[in-house]
2 protein chains.
Amino acid sequence: MSRVRLFIDHPLGAGQAVGLTADQAHYLFGVMRLGQGDRLTVFNGRDGAWSAEIAVASKRGGQVTVLAQTAPQQMPPDLWLLFAPIKKARTDFIVEKATEMGAARIMPVQTEFTNAERIRQDRLQAHAVEAAEQCGGTFVPPVADLVPLRRVLADWPPERRILWGDEARYGPADTLAGLARGPWAVLIGPEGGFSPAEREMLGALDVVTPISLGPRILRADTAAVAALTLFQAHLGDW
Amino acid sequence: MSRVRLFIDHPLGAGQAVGLTADQAHYLFGVMRLGQGDRLTVFNGRDGAWSAEIAVASKRGGQVTVLAQTAPQQMPPDLWLLFAPIKKARTDFIVEKATEMGAARIMPVQTEFTNAERIRQDRLQAHAVEAAEQCGGTFVPPVADLVPLRRVLADWPPERRILWGDEARYGPADTLAGLARGPWAVLIGPEGGFSPAEREMLGALDVVTPISLGPRILRADTAAVAALTLFQAHLGDW
């Protein structure tokens, strides 16, 4: 089976012909040096992984023929990641890491200490696609648009619990062993942490469980991976 | 207390005057906009954190006066991180993350599928210093020079156990709950994984405990944070 994996936003089935965008053609033929007749793996986030063959290769496009399913669709746990966007490169990293770590939905939130006024949702979504291609997954988490934390919490679904990576919490190790499975979200603050008002709001919510991420202050991208690791190891699909 | 933290490789004590390098002066006076009389926190990796005052500020140097200890020296657990260097930016990230996550020693190793022939040890050490300044720690892990994995394992101290993040292992969740405390190392492979010969060598070693990092293939920098999280949560200082 080819190691080249390509996300294609198209229904997949045996014999299906799918056209390639200019970006996909550049990646397959320019970067990966594939050509007509070569094999690759394609997935669309819904139908599992499929083998495919390059039928037409051209500079600005091309076409693949889908052959057979090679892996079933595998969904991550019902886990959202809420994080406050930081500098561009680190925000890209958080999206990449959240995808590898099996977040089902990525939600950038604006906090009082968040620098970002807006995000490039399309760019971040492209990072999630690339990470899914790399990590062997068949699912691409949707990246939501930037929304104020206050509004997210006001509309919060009551059945979904929140694991809050609290940078001010450090003491005896928190155990996740007793927590119930079900829909969850992981919440990571911006560099500089949450404001006192935000901390109070989070502390007052029944659905919120604060957890410590150790005695050193983690950057937001490190904290995201660490909190997702704790979730996946105890409540998720690891 | 000032939020500016500076690593100074010099003994620290009340009243001690310490000269600044050109890089340190650039950071304090150019980037952080501090000047004579301003306060900062200094640490040397051995004597805890100290308040200090800027006595002399100049373009290419300066001097600080150490005032009083503000935090005791805090050592991380006796944990080494062994990893196979990858692309430059991601290698830098691994060193940064390992420092935040509380590794006591960072050891780049050359594996059969490692691209890197050599590393810039001084650059990586500077990244560890910067991460320690950022994360509020008082310890800077030494970054070793690149050594072949085979040689590292041939000279391995028999009392130090190895937690091997094994990308080919996925099944029922591994538990770290039963593992003994003591000296440990975390070993993360290169992208592309370990060679069959290396896998055999690792599998035959008594000190090695393989652990799964889930059903998705993690990039090396993500895997390093995830494996260090599992260690710190179960056997470390979280």
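Attention in this report is confined to the structure presented alongside it. (Residues numbered from 1 in each chain as written. Chains lettered and ligands numbered in written order. Predicted model: local features only at pLDDT ≥ 70, side-chain atom pairs only at ≥ 80, totals over all residues. Heavy atoms only, no water.)

Turning next to unusual backbone geometry. All names here are of chain A. One non-glycine residue with positive phi stands out, namely Arg33, at about 60°. Structurally, Arg33 is set in the loop between helix H1 (22-31) and strand E3 (39-43). Among the residues examined, Arg33 registers a relative accessible area of 69% and is labelled exposed. (Helix = DSSP H or I, 4+ residues; strand = E, 2+ residues; numbered from the N terminus. Buried < 20%, exposed > 50% of the residue type's maximum accessible area, 1.4 Å probe, protein only.)

What follows deals with H1(A). Each turn of an α-helix holds 3.6 residues, which means side chains three or four residues apart point in the same direction. All names here are of chain A. Taken as a whole, H1 has its buried residues at Gln24, Ala25, Leu28 and Phe29. Down the axis of H1, the sector holding all buried residues measures 100°, keeping them to one side. Away from its buried face, by an angle of more than 90 degrees, H1 presents the exposed residues Asp23 and His26. Close packing links the buried residues of H1 with strand E1 (5-7), strand E2 (17-19), E3, strand E4 (49-58) and strand E5 (61-71). Just beyond H1, the residue with positive phi is Arg33, at close to 60°. (Arc of directions from axis to C-beta. Contact = heavy atoms within 4.5 Å.)

Moving on to the interface of chain B and chain A. The partner chain A presents 34 residues to the 34 residues of chain B that form the contact. Counting the surface lost from both chain B and chain A, the interface buries some 3,000 Å², and carbon and sulfur atoms represent 55% of this. Considering only the side of chain B, the residues that lose the most area to chain A are B:Glu100, B:Arg216 and B:Trp238, jointly responsible for 25% of the buried surface there. Between B:Arg219 and A:Glu100 there is a salt bridge, with its nearest N and O atoms 3.8 Å apart. Of all the secondary-structure elements, those providing two or more residues to the side of chain B that touches chain A are helix H2 (88-100), helix H3 (121-135) and helix H6 (220-235) of chain B. Here the element with the most residues in the side of chain B that touches chain A is H6(B); it accounts for 9 residues. (Buried area = accessible area lost by both parts, 1.4 Å probe. Salt bridge = Lys/Arg side-chain N within 4 Å of Asp/Glu carboxyl O.)

Residues and elements named next belong to chain A. The strand order across the open sheet formed by 5 strands is E1-E3-E4-E5-E2, and the pairing between neighbours is mixed. The open sheet is flanked by E1 and E2, the only strands paired with a single partner. Strand-to-strand twist of the sheet, defined as the mean angle between neighbouring strand axes without regard to direction, takes the value 40°. With 3 bridges joining them, E2 and E5 adopt antiparallel strand pairing. Within E5, the residue paired with Val18 across the bridge is Val64. Each of E1 and E3 touches helix H3 (residues 121-135); the most contacted strand, E1, lies at about 150° to it. (Pairing = 2+ DSSP bridges. Axes fitted to C-alpha atoms, helices over the stretch in contact; angles between N-to-C directions.)

In this section: the pattern of salt bridges. Taken as a whole, this structure holds 30 salt bridges over all chains when the rule is applied. A salt bridge links B:Arg90 to A:Glu96, with the nearest nitrogen and oxygen atoms 2.8 Å apart. Taken as a pair, B:Arg90 in helix H2 and A:Glu96 in helix H2 (residues 88-100) lie in two separate chains rather than in one. For A:Glu96, a relative accessible area of 7% corresponds to the buried category. Taking the shortest distance from any N to any O, the salt bridge between B:Asp237 and A:Arg216 comes out at 2.9 Å. You can see B:Asp237 sitting in the segment after H6 and its partner A:Arg216 sitting in the loop between strand E11 (208-211) and helix H6 (220-234), one on each of two chains. Each of the two residues, B:Asp237 as well as A:Arg216, counts as buried. Several salt bridges converge on common partners, so that one network encompasses A:Arg90, A:Arg219, A:Asp221, B:Glu96, B:Lys97 and B:Glu100.

Side chains of nonpolar character tend, in soluble globular proteins, to be buried together. Of all hydrophobic cores here, the largest spans 78 residues; its most connected members are A:Leu81, A:Ile188, A:Leu213, B:Leu81, B:Ile188 and B:Leu213. In terms of residue count, the dominant contributor to this core is H6(B) (10 residues). Those residues in contact with B:Ile188 that lie beyond four places of it in its chain are B:Leu81, B:Leu82, B:Phe83, B:Ala84, B:Phe194, B:Leu213, B:Ala220, B:Ala223, B:Ala224 and B:Ala227. In this structure, A:Leu82, A:Val109, A:Trp156 and A:Leu202 belong to the second largest nonpolar core, which totals 18 residues. (Core = buried A, V, L, I, M, F, W, Y, C linked by side-chain atoms within 4.5 Å.)

This next bit is on the relation of the copies chain B and chain A. In screw terms, the move from chain B to chain A is a rotation of 180° and a rise of 0.0 Å along the axis, fitting with an RMSD of 0.0 Å. Here the transformation between the copies is reduced to the relation of a two-fold axis. Considering only C-alpha atoms, the part of chain B nearest the rotation axis is B:Ala226, at 3.0 Å. When the interface residues of chain B are mapped onto chain A, 100% of them are again interface residues, pointing to one common binding face. (Least-squares fit on C-alpha atoms with pLDDT ≥ 70 in both.)

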